[in-house]
There are 2 protein chains.
Amino acid sequence: MIKATVYVTIKQSVLDPQGVAVQGALHSMGFGEVENVRIGKYMELNLDTTDAAAAEERVKAMCEKLLANTVIEDYRYELEV
Amino acid sequence: MIKATVYVTIKQSVLDPQGVAVQGALHSMGFGEVENVRIGKYMELNLDTTDAAAAEERVKAMCEKLLANTVIEDYRYELEV
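The structure contained in this document is the topic of the report that follows. Computed from a predicted structure; not experimentally measured.

What follows is about the sheet that holds strand β1 (residues 2-10) of chain B. Spatial ordering of the open sheet is given by β3(A)-β1(A)-β2(A)-β2(B)-β1(B)-β3(B), a layout of six strands whose pairing is antiparallel. Single-partner strands in this sheet number two, and they are β3 (73-80) of chain A together with β3 (73-80) of chain B. In this sheet, adjacent strand axes meet at a mean angle of 20 degrees when their direction is disregarded. Pairing between strand β1 (residues 2-10) of chain A and β3(A): eight bridges, direction antiparallel. Opposite I10(A), over in β3(A), you have E73(A) as the bridge partner. The strands touched by helix α2 (residues 52-67) of chain A are β1, β2 (34-47) and β3 of chain A together with β2 (34-47) of chain B; relative to β3(A), the strand with the most contacts, the crossing angle is about 155 degrees.

In this section: the interface of chain A and chain B. Opposite the 33 residues of chain A that make contact, chain B presents 33 residues. Contact with chain B buries area across many residues of chain A, yet F31(A), E33(A) and Y42(A) alone supply 21% of it, more than any other trio. Of the charged contacts in the structure, one is a salt bridge between R58(B) and E33(A), with a shortest N-O distance of 2.7 Å. The interface formed by chain A and chain B contains 14 residue pairs in polar contact (both at pLDDT 80 or more). Tallying contributions element by element places β2(A) first for the side of chain A that touches chain B, with 14 residues.

What follows deals with the relation of the copies chain A and chain B. Once chain A has been moved 0.0 Å along the axis and rotated by 180 degrees, it coincides with chain B to within an RMSD of 0.0 Å. The symmetry that links the two subunits is that of a two-fold axis. In terms of proximity to the rotation axis, the leading residue of chain A is K41(A), whose C-alpha is 2.3 Å off the axis. The fraction of interface residues of chain A whose copies in chain B are also interface residues reaches 100%, indicating that both copies meet through the same surface.

Rules of the game
- Residues numbered from 1 in each chain as written.
- Chains lettered and ligands numbered in written order.
- Predicted model: local features only at pLDDT ≥ 70, side-chain atom pairs only at ≥ 80, totals over all residues.
- Heavy atoms only, no water.
- Pairing = 2+ DSSP bridges.
- Helix = DSSP H or I, 4+ residues; strand = E, 2+ residues; numbered from the N terminus.
- Axes fitted to C-alpha atoms, helices over the stretch in contact; angles between N-to-C directions.
- Contact = heavy atoms within 4.5 Å.
- Buried area = accessible area lost by both parts, 1.4 Å probe.
- Salt bridge = Lys/Arg side-chain N within 4 Å of Asp/Glu carboxyl O.
- Polar contact = N/O pair within 3.5 Å; in protein donor to acceptor, adjacent residues only side chain to side chain.
- Least-squares fit on C-alpha atoms with pLDDT ≥ 70 in both.

Encoded structure:
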């Protein structure tokens, strides 16, 4: 069993409206020191395999095909064997 | 400037319908080895301060008040000074 953690974030050059909204809400709640809020996704998944090299290839394929929209999002992942 | 990274995840005892949907999609795309998908949020924010102890208190307050719904979600955060 390999545990994979995937982080998907909006590219720096792309506007993040959800981050802008959260920043506005934080400011109106008195957290005026907050700047540059960016919101992404965090995914945990278990892979029923023990081959770490193959698992890495598979996780990369999942990110490219489904988990991230690579036009506007970046992704990175970590594997725990 | 302190950089904070916040991870918000659904509690283990709470059903994660988004994770179930993603797992189903991955299975139907041929990634049958994937199990137990859980999806959370990943937030990056900058704090315009240099006091790390105060920043930690502030980030904790933001999580409790806005960023996480502590009834069904857990949160953790990291600070980079």
